There are 2 protein chains.
Amino acid sequence: MTMLHIVDDDEAIRDALGWLFQSRNVPVAGWPSAEAFLEAWRPDTAGCLLLDIRMEGMSGLELFDRLLSKGCRMPVIFLTGHGDVPIAVGALKKGARDFVEKPFNDNELVDRVIDALGFDAEQREREAGQAGLAARLATLTQRERQVMELVVAGRLNKVIADELGISMRTVEVHRSHVFEKMRVKTAVELTRLLTGAS
Amino acid sequence: MTMLHIVDDDEAIRDALGWLFQSRNVPVAGWPSAEAFLEAWRPDTAGCLLLDIRMEGMSGLELFDRLLSKGCRMPVIFLTGHGDVPIAVGALKKGARDFVEKPFNDNELVDRVIDALGFDAEQREREAGQAGLAARLATLTQRERQVMELVVAGRLNKVIADELGISMRTVEVHRSHVFEKMRVKTAVELTRLLTGAS
DNA sequence: GCCGACTCTGCGGATATCCACAATAGCCGC
DNA sequence: GCGGCTATTGTGGATATCCGCAGAGTCGGC
């Protein structure tokens with residue numbers, strides 16, 4: 001599942017890159033056009049992207065833009081023979097991980113791809129944690145969410161009761177439901193969970 | 001204090017850029033060489049940097065490296081007439097904010113400089129807050145710091161007492177000293193303070 | 001040697017939090 | 001209408017936290 005996706009309309013280059021990476025034990029998938037990859041892309045597509053800039057049809061840059069607007073966070077490395085400073089600067093400022101001109105150094109490129117794959121794996125791990133958190137948050141009712149926010153803001157139960165215009169007892173009930181659903185035992189743990197601390 | 005620092009060995013360009021920015025109400029300081037700016041730079045120098053790449057003596061890139069190693073976090077915009085993709089990519093990956101080729105569009109450059117100045121101001125505000133926090137942390141004794149860490153980890157006083165091999169009462173004393181010194185009233189507030197939450 | 005810190009501890013009481021048991025009420029779907 | 005979910009509140013008790021009052025031991029500086 002996690003692999004390097006090479007998008008280039010030149011089959012010879014795809015093959016050469018495929019050989020290079022497979023010889024280094026990096027799994028590879030080749031795509032003959034931006035359209036083909038865009039069509040196949042799913043939010044759970046993992047790994048990293050090696051994009052040629054100039055291709056028949058959709059360019060690598062446009063593919064990058066389309067992927068970004070779909071919420072894709074995979075690291076992208078651009079590969080081009082026709083380098084141009086404004087293009088490189090624009091791509092990097094949009095979040096591309098690297099921008100490499102041909103001819104490139106094989107070892108360097110492989111290292112950068114491996115770095116990018118590691119980054120993607122870590123990022124997905126973080127996001128998986130966040131997804132579990134989001135799932136638990138989704139089980140809270142409105143009222144529980146309100147109470148939770150005030151608890152995490154450091155308010156005492158009696159203050160929360162005042163602010164929401166309900167009794168302290170009710171706050172306690174909601175509070176304990178929040179703790180149960182979020183699987184924590186103290187307000188501090190809940191705070192760490194929501195603020196994303198170690 | 002906060003201003004645009006233009007480093008370029010060509011006096012005509014410094015003057016032209018000076019005029020451009022001053023006409024837009026952006027305060028400017030001109031420096032005839034990387035060495036001159038490096039000499040004058042202090043950790044509290046605020047604003048942003050507009051660096052020419054190719055200069056007599058130290059290059060803009062080398063100045064950038066030297067500033068980074070001194071802990072400078074000012075946003076840097078490179079300006080060059082002799083663009084080169086690997087150089088631009090390297091600069092951006094090291095953290096440069098932008099890389100602009102001459103001839104440039106006046107309005108765009110001014111906008112980017114203004115953005116960068118705003119970014120620097122926000123960054124300094126954040127760091128000022130962190131500095132105040134660090135100062136308060138420095139007033140804690142060893143024991144207080146230990147207790148604080150366990151409190152922020154969500155442990156109950158009795159557990160902290162066990163782990164440190166002291167009585168609960170002593171933990172309470174340290175705990176209240178921590179709250180006092182850190183100027184918070186609850187463990188949750190302390191947690192937010194240390195984990196850098198909103 | 002005295003003074004100021006830091007550390008440690010106990011007692012007792014005021015608050016706050018946690019929780020089981022119990023009950024009322026509105027809303028929604030089967 | 002009945003059952004389930006949500007929101008609400010109360011009583012009462014077990015724990016935990018917050019604090020003032022009191023005392024004691026160590027260590028380093030003047």
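All of the points below concern the structure found in this document. Everything quoted here is computed from the prediction, not taken from an experiment.

1. Some points on the relation of the copies chain A and chain B
The two copies are related by a screw motion: chain A maps onto chain B through a turn of 180 degrees and a shift of 0.2 Å along the axis, at an RMSD of 0.3 Å. Overall, the copies show the geometry of a two-fold rotation axis. Both copies share a contact surface, since 100% of the interface residues of chain A are interface residues in chain B too.

2. As for the protein's contact with DNA strand C
Residues in close proximity to DNA strand C total 18 residues, the closest being R169(A), R175(A), T141(B), R143(B) and S167(B). In DNA strand C, atoms within 4 Å of the protein come 66% from sugar and phosphate. Between DNA strand C and R143(B), the relevant distance is 2.6 Å, taken from a phosphate oxygen to a side-chain nitrogen or oxygen of the residue. Here R169(B) contributes a side-chain N or O atom positioned 2.8 Å from a base nitrogen of DNA strand C. Elements with a contribution of two residues or more to the surface near DNA strand C: α7 (157–164) and α8 (168–182) of chain A together with α6 (142–152) and α8 (168–182) of chain B. When its residues are assigned to classes, the surface near DNA strand C shows 5 nonpolar, 6 polar and 7 charged.

3. Some words on the protein's contact with DNA strand D
Looking at DNA strand D, there are 17 residues lining it, with T141(A), R143(A), S167(A), R169(B) and R175(B) nearest. Backbone atoms, meaning sugar plus phosphate, form 63% of the atoms of DNA strand D positioned within 4 Å of the protein. Interatomic distance of 2.7 Å between a side-chain N/O atom of R143(A) and a phosphate oxygen of DNA strand D. For the surface near DNA strand D, the secondary structure elements donating two or more residues are α6 (142–152) and α8 of chain A together with α7 (157–164) and α8 of chain B. For the surface near DNA strand D, the element with the highest residue contribution is α8(B), accounting for 5 residues. Classifying every residue of the surface near DNA strand D by side-chain character gives 5 nonpolar, 6 polar and 6 charged.

The rules behind the values
- Residues numbered from 1 in each chain as written.
- Chains lettered and ligands numbered in written order.
- Predicted model: local features only at pLDDT ≥ 70, side-chain atom pairs only at ≥ 80, totals over all residues.
- Heavy atoms only, no water.
- Least-squares fit on C-alpha atoms with pLDDT ≥ 70 in both.
- Contact = heavy atoms within 4.5 Å.
- Near = heavy atom within 4 Å.
- Polar contact = N/O pair within 3.5 Å; in protein donor to acceptor, adjacent residues only side chain to side chain.
- Helix = DSSP H or I, 4+ residues; strand = E, 2+ residues; numbered from the N terminus.
- Nonpolar A, V, L, I, M, F, W, Y, C, P; charged D, E, K, R; others polar.

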